[in-house]
Every structure is written in C-alpha cells, then in structure tokens.
Amino acid sequence: MQKLRSFIALTVLGGLTVVLPIAILVMLFQWLFELITDFIQPFSELLSHRADVRDLAADLLVLLIILSLCFSIGLLVKTRVGAWFHRVVDRLLARFAPGYSTIRDLVVQLLGGSGETSLLSGQVALVKLFPDSELKVTAIVTSEHSAGYTVFVPTAPVPTSGMVYHVTRDAVTLLPDVTVEQAMKTVIACGSGSQALLIPRS
C-alpha cells in the first residue's frame, strides 16, 4: 500500500512538473497579451469603427504599426541627427521625470545593454567573497574596471533578486564555457546541476 501511495504521489508530481511550467507560460502570455491589448484598445477601437475591421485584426494591425514605429525610431537614432535628438530628450527626461533613469537602465540591461556588459550577456563566474574562506558563490560579471569586477550574485530560487559586489580580480574565477542561462537554472534549482560550474571542462 505504501508503494502504491508513493507511486501515485511521484507520478502526480511528475505530471505537475510538466504541466505547471506550460500553464504558467500560457498565463504569462495571456497576461502580456491582455496588457498590450488594453494599452492599444483606444487605437484599435478607432480603427475598427473607421475602417470596419474586426477587433482581433484591429489589435494585430495596431501592434504591427507600433512595432513598425519602434523600428523606424531605431533607424532614426542610428543617424547623427537622431542620436543627438535622442540624447537631448534623454537628458531632459532624466532631469524632469522622476524614475525615468532607473526604468531606462533596467530596460537597457534586460534588452542587452549599451556599452556596459548586460546581465543577460554577462560572464558567469565563481567569486570568493571572503579572503580567508574557500566559500564561492555563483555570480554574473556585469562590469569590468581598473579595480577589478562588479558582479551580481543571484539568490535562490528567484535569480532576479540578489546582491551587487565590487571585488578584486583575484577573487573571481571566470567560467567562459558556462552561459548565463545555465547558471540561472542552477540558482532556480537551488544548486541542482552545479557540477557544470564546479567541474572544469577539458
């Protein structure tokens, strides 16, 4: 009887590990889609009333227009005049709009960074935080400077939170063969799979 209960429990848990990530992903996409459609609803309603287009088609059309606008702005800021105009607007918003600089830096980091190493494209490393201890932590190198490195140490099981440390070069062991995604998976799994970080590859 005990074996049967254990078998049923393990089977249910196995099913949950398959179903839950898919369900969470679907809910995330649904929330994101609802957020976007709520944002563009005034434009899509105007388009559907004026051009006699169905609601879903109007939403997709407005979304396509927004993406095209973002593409056009991206092309514009690559020009000398566009880059100058962007710098002027950026300085004005940073000066007069509270929180703009923080939001801008967060978006730049998430989308790949600009100039500095971003979190997603950073270098995975093992870092000794205490000189007299062999304790090492998983870290992402986010910046390199004359004094050493600045690293982000994620906390398990939520890798988006953590601490930022400024450490010397001798405290850092870079892991060029390990990607940020692999390191984050070990953090989410509370250390499971860390052999990829700890065992050197030949």
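Residues numbered from 1 in each chain as written. Predicted model: local features only at pLDDT ≥ 70, side-chain atom pairs only at ≥ 80, totals over all residues. Heavy atoms only, no water.

Quick look at the sheet that holds strand β4 (residues 162-167) now. Here five strands make up an open sheet; going across it, the order is β4-β3-β2-β1-β5 and the pairing antiparallel. Pairing within the sheet leaves two strands with one partner each, and these edge strands are β4 and β5 (172-174). Pairwise comparison of adjacent strand axes, ignoring direction, gives a mean angle of 40° for this sheet. Both strand β1 (residues 123-127) and strand β2 (residues 137-145) contribute to a ladder of five bridges, which runs antiparallel. Pairing of alanine 125 across the sheet is with alanine 139, part of β2. Packed on one face of the sheet, helix α5 (residues 180-188) meets β1, β2 and β3 (148-154) and runs near 140° to β2. (Pairing = 2+ DSSP bridges. Helix = DSSP H or I, 4+ residues; strand = E, 2+ residues; numbered from the N terminus. Axes fitted to C-alpha atoms, helices over the stretch in contact; angles between N-to-C directions. Contact = heavy atoms within 4.5 Å.)

Our next topic: α5. Those residues of α5 that sit buried are Val180, Ala183, Met184, Thr186 and Val187. Along the axis of α5, the buried residues cluster in a sector spanning 155°; they form a single face. Tucked inside the fold, the buried residues of α5 contact β1, β2, β3 and α6 (195-198). At the exit of α5 stands cysteine 190, carrying a positive phi of roughly 55°. (Buried < 20%, exposed > 50% of the residue type's maximum accessible area, 1.4 Å probe, protein only. Arc of directions from axis to C-beta.)

In this section: unusual backbone geometry. With a phi close to 55°, cysteine 190 is a non-glycine residue in the positive phi region. Overall, cysteine 190 belongs to the exposed group, its relative accessible area being 59%.

The terminal C-alpha atoms of helix α3 (residues 80-96) lie 25 Å apart, and with 17 residues this matches the ideal 24 Å at 1.5 Å per residue to within 8%. Between the side-chain oxygen of the N-cap and the backbone nitrogen of glycine 82 there are 3.1 Å, and the N-cap of α3 in question is threonine 79. (Expected span 1.5 Å × (residues − 1). Polar contact = N/O pair within 3.5 Å; in protein donor to acceptor, adjacent residues only side chain to side chain.)

A separate point is the nonpolar core. Membership of the largest hydrophobic core is limited to eleven residues, which are Ala125, Val127, Val137, Ala139, Val141, Tyr149, Val151, Val153, Val167, Ala171 and Val172. Counting only elements with at least two residues in this core, the list comes to β1, β2 and β3. Excluding residues within four positions of it along the chain, valine 127 makes contact with Leu135, Lys136, Val137, Ala139, Val151, Val167, Ala171 and Val172. Counting nine residues, the second largest nonpolar core, distinct from the first, contains Leu175, Val178, Val180 and Ala183. (Core = buried A, V, L, I, M, F, W, Y, C linked by side-chain atoms within 4.5 Å.)

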